[in-house]
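Listed here are the chains, written in short residue letters.
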Amino acid sequence: MISRLPGLSLPERVWNTARRWAVAWWRILYLGAVVLVLVLSPSSYGKGTRRALARHLYLDTAPVLLGFTVLAALISLVLTRIVVVTALSYGLSRYALEMVIRVLVLELIPLTAALFVAMRCTIPNGSQLAHLRLTGRFEALRRQGSDPVRIELLPRVIAGVFACVTLAALSCVVALVLAYLGVYGFNMAGLPSYTRMFGQVFSPSVTMMFVLKTLFFSLAVALIPMAAGLYDSGERTQPDSELGGLARMFAVLLLIEVASLMGNYY
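The paragraphs below set out a description of the structure included in this document. Please read all numbers here as calculations on a predicted model, not as lab measurements.

What about the overall build of the chain?
A count of helical and extended segments in the chain gives eight helices and zero strands. For the chain, the α and β elements follow one another from N to C terminus as α-α-α-α-α-α-α-α. The C-alpha extent of the chain, read off along each of the three principal axes, is 65 × 50 × 30 Å. Looking at the chain as a whole, 42% of its 266 residues qualify as buried. Considering only residue pairs separated by 6 or more positions, the chain has 79% of its internal contacts joining residues 24 or more positions apart. Accessible surface computed for the chain: about 14,100 Å², of which carbon and sulfur atoms make up 71%. Of the side chains in the chain, 23 bear a positive and 12 a negative charge, and the two mean positions are spaced by 5 Å.

Digging into the packing of aromatic side chains
In this structure the tally under the stated criterion is five aromatic pairs. A ring pair is formed by Phe68 and Phe116, whose centres lie 5.0 Å apart and whose planes are at 50°; its orientation type is tilted. Of this pair, Phe68 sits in helix H2 (residues 47-89) while Phe116 sits in helix H3 (residues 96-134), and the two are 48 residues apart along the sequence. With relative accessibility at 2%, the residue Phe68 sits in the buried group. Residue class for Phe116 comes out partly exposed when judged on its relative accessible area of 26%. When the ring of Phe202 is compared with that of Phe210, the centres are 6.1 Å apart and the planes differ by 90°; the resulting orientation is edge-to-face. As far as burial versus exposure is concerned, Phe202 and Phe210 are alike and both buried. Above the ring of Trp21, the side-chain terminus of Arg248 is found at 5.1 Å from the ring centroid.

Details of the packing of helix H5 (residues 148-184) against helix H6 (residues 191-201)
Two numbers describe how H5 lies on H6: the axes approach to 11 Å, and their chain directions differ by 135°. One finds that H5 runs oblique with respect to H6. When you trace H5 past H6, the crossing you get is right-handed. Contacts between H5 and H6 involve Leu176, Ala179, Tyr180 and Tyr184 on the former and, on the latter, Leu191, Ser193, Tyr194 and Phe198. In terms of residue class, the contact of H5 with H6 is made up of seven nonpolar, one polar and no charged.

What to know about the environment of Ser127
Here Ser127 is to be found in helix H3. Of the residues examined, Ser127 reaches a relative accessible area of 30% and is grouped as partly exposed. Expressed as a C-alpha distance, the spacing of Ser127 and Gly229, which sit 102 residues apart in the sequence, is 5.6 Å.

Describing the pattern of salt bridges
On inspection of all chains with the given rule, the structure shows six salt bridges. Here Arg142 ties to Glu139 by a salt bridge, and the two come within 3.1 Å at their closest N and O atoms. With Arg142 and Glu139 both in helix H4 (residues 137-143) and three residues apart, this pair spans about one turn of that helix. Judged by its relative accessible area of 44%, Arg142 is partly exposed. Here Glu152 and Arg156 are joined by a salt bridge, their closest N and O atoms 2.9 Å apart. Taken as a pair, Glu152 and Arg156 lie in helix H5 at a separation of four residues, close to a single helical turn. Each of the two residues, Glu152 as well as Arg156, counts as buried. The network of salt bridges with common partners includes Glu107, Lys213 and Glu257.

What counts, and where the lines are drawn
Residues numbered from 1 in each chain as written. Predicted model: local features only at pLDDT ≥ 70, side-chain atom pairs only at ≥ 80, totals over all residues. Heavy atoms only, no water. Helix = DSSP H or I, 4+ residues; strand = E, 2+ residues; numbered from the N terminus. Buried < 20%, exposed > 50% of the residue type's maximum accessible area, 1.4 Å probe, protein only. Contact = heavy atoms within 4.5 Å. Areas by Shrake-Rupley, 256 points an atom, 1.4 Å probe, with all protein chains shown as cover. Lys, Arg positive; Asp, Glu negative; His and termini not counted. Charge placed at Lys NZ, Arg CZ, Asp CG, Glu CD. Phe/Tyr/Trp six-rings, centres within 6.5 Å; stacked < 30°, edge-to-face > 60°. Lys NZ or Arg CZ within 6 Å of the ring centre and 35° of its normal. Axes fitted to C-alpha atoms, helices over the stretch in contact; angles between N-to-C directions. Parallel < 35°, antiparallel > 145°, perpendicular 65-115°, else oblique. Left-handed = near helix turned anticlockwise from the far one by under 90°. Nonpolar A, V, L, I, M, F, W, Y, C, P; charged D, E, K, R; others polar. Salt bridge = Lys/Arg side-chain N within 4 Å of Asp/Glu carboxyl O.

Spelled out as structure tokens, the structure:
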């Protein structure tokens, strides 16, 4: 990034890069506040917005729901088998299922769902938003008296959040069922001990951290690509480009995951 600023001294390059990154983060925070206000405003759900919202909710969730659920099921089966066999070899079988739930349900599935939605839905939507803005779609909406942020951006953000939460919730349920079947098989003998262990793992504090982490993941993957698309100048060397948006999104996801681990285990 700094090397792309020729003709400037090193302190000037550092200052310009830091300023541009600060502006990019400020734009993300500002856009998040705007979206929050629009979500809570009844006037945001007019006839045109409702139609666009329903279309994006379907397109961003339905086509990927089955594929991601199957992928989560395969990962659950493989990981459950590996953990159970390893635990048996060390005489730690009583901890195998709890480890599977903590690693798979609490950590891997929410992060995987967020990355899957980002790659499949929100990043392409951000690129599409940038294309619409650069081709004059936003100006045309303003001339018609409409708000382009409300018409074009808000449905994409809500759809991204909905897709991430839906995929994570459904995949966690599938993983819990398959983890039980992988250990106890098709019988009800292990259900009392399984539910007791589930209650011990999902304590109120852990459950709250899990819900907040999933929500923040969904907000990150929905907002940051949209901010990159909304403010993209069309110059690939600027930090508002798609690559810069990806870097910021991964940084936020990493920070959320680290905060979640610290909250659960420290």
